[in-house]
Amino acid sequence: MKKLFFTLCAGILAANSMEAAIVDTLLIKSNKMNRYIETVVIIPDQAAQTPCPTLYLLHGHGGNAKSWITIKPELPEMADRDGMIVVCPDGEQSWYWDSPIRKESQFETFVSQELVQYIDKKYNTVKSRRGRAITGLSMGGHGGLWLSIRHKDTFGAGGSTSGGVDIRPFPNNWDMKKQLGEMKENPKVWDSHTVITQLDSLKNGDLALIVDCGTEDFFFEVNRQLHEELLKRGIAHDYIVRPGAHNLKYWNNSIEYQWLFFHRFFEKEE
């Protein structure tokens, strides 16, 4: 009986001491901006034994590196369940561009190059485009598609939830003119810094793509137009429309579907 008691206790202690996903908050140097950027990284237990794919999750305007883990507190459990590393950088109010007028705001280079290189060096990642995906909400939805389309050699999949996929109908909103200048004075710059004008560089099969938006969202129409343009060009993508507005409730739900999409992408054979 005494032997059985100790065996049971040992089993309980072993179960309680099992490692779970680690959440790191880092300051990562951007050489291009000559400053440090806060980044939250979720590392699943599996990364201790085997290389894991990485999902880059971008926040929206007014958010920060901790936005996604606040919106979806279950992210560490999801990371452990599916063996995915999650990286959430602070993109400030950059729209994830390299601003042509602000040297201190060069977030396209930071996320697509400097951050990826740092993460691949520090963690046990799958170090190829087959092991990297990027998505985000609102401004971060723009960023997810902007960066994946423009850096197909780095990311194999891209997405957007409630994304500002065409910025031009909103010339006075969300600090965009601080990054690009006034639209009426710089129309060519605005034309060249929005997702929907990047499709000429995309052909079917280049990326696994997912786009979703709520029917009550102020970005619904530009997302519908992006979907129609992708269809016209014969570019395969998942497009999800569901009731919902531009809010935390919608994103808490939508990330479940995006997560499944990227998990399946990572699981596919070459």
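Residues numbered from 1 in each chain as written. Predicted model: local features only at pLDDT ≥ 70, side-chain atom pairs only at ≥ 80, totals over all residues. Heavy atoms only, no water.

(A) The arrangement of the layout of surface pockets in detail. The computed volume of the largest pocket comes to approximately 280 Å³. Ala-208, Leu-209, Asp-238, Phe-261 and Lys-268 are, among the 15 residues lining the largest pocket, the residues nearest its centre. Elements represented by at least two residues in the lining of the largest pocket include exactly β7 (208-214), β8 (238-242) and α9 (248-267). A per-element tally of the lining of the largest pocket places α9 first, with five residues. Tallied by class, residues from the lining of the largest pocket come to ten nonpolar, one polar and four charged. What the second largest pocket holds in volume is close to 180 Å³. At the level of elements, α2 (67-71) and α9 are the ones that each hand at least two residues to the lining of the second largest pocket. Class assignment for the residues of the lining of the second largest pocket results in eight nonpolar, eight polar and no charged. (1 Å grid on protein atoms, 1.4 Å probe; cavity = no way out; pocket = protein on both sides within 12 Å on 5 of 7 lines; lining within 4 Å. Points joined across faces, edges and corners; volume = space filled by probe spheres on them. Helix = DSSP H or I, 4+ residues; strand = E, 2+ residues; numbered from the N terminus. Nonpolar A, V, L, I, M, F, W, Y, C, P; charged D, E, K, R; others polar.)

(B) Expanded view of the pairing of β7. Most of β7 sits inside the fold, with seven of its seven residues counted as buried. With burial as the criterion, each face of β7 is covered, one bearing Ala-208, Ile-210, Asp-212 and Gly-214 and the other bearing Leu-209, Val-211 and Cys-213. Bridge count for strand β6 (residues 157-161) against β7 is five bridges, and the pairing is parallel. By the bridge assignment, Gly-158 is partnered in β7 with Leu-209. In terms of strand pairing, β7 meets β8 through five bridges, oriented parallel. Residue pairing for β8: Val-211 is matched across the bridge by Tyr-239. As a crossover connection, the stretch from β7 through helix α8 (residues 220-232) into β8 is right-handed. (Buried < 20%, exposed > 50% of the residue type's maximum accessible area, 1.4 Å probe, protein only. Pairing = 2+ DSSP bridges. Right-handed = clockwise from strand over helix to strand, strands pointing away.)

Keep in mind these numbers describe shape, not what the thing actually does.
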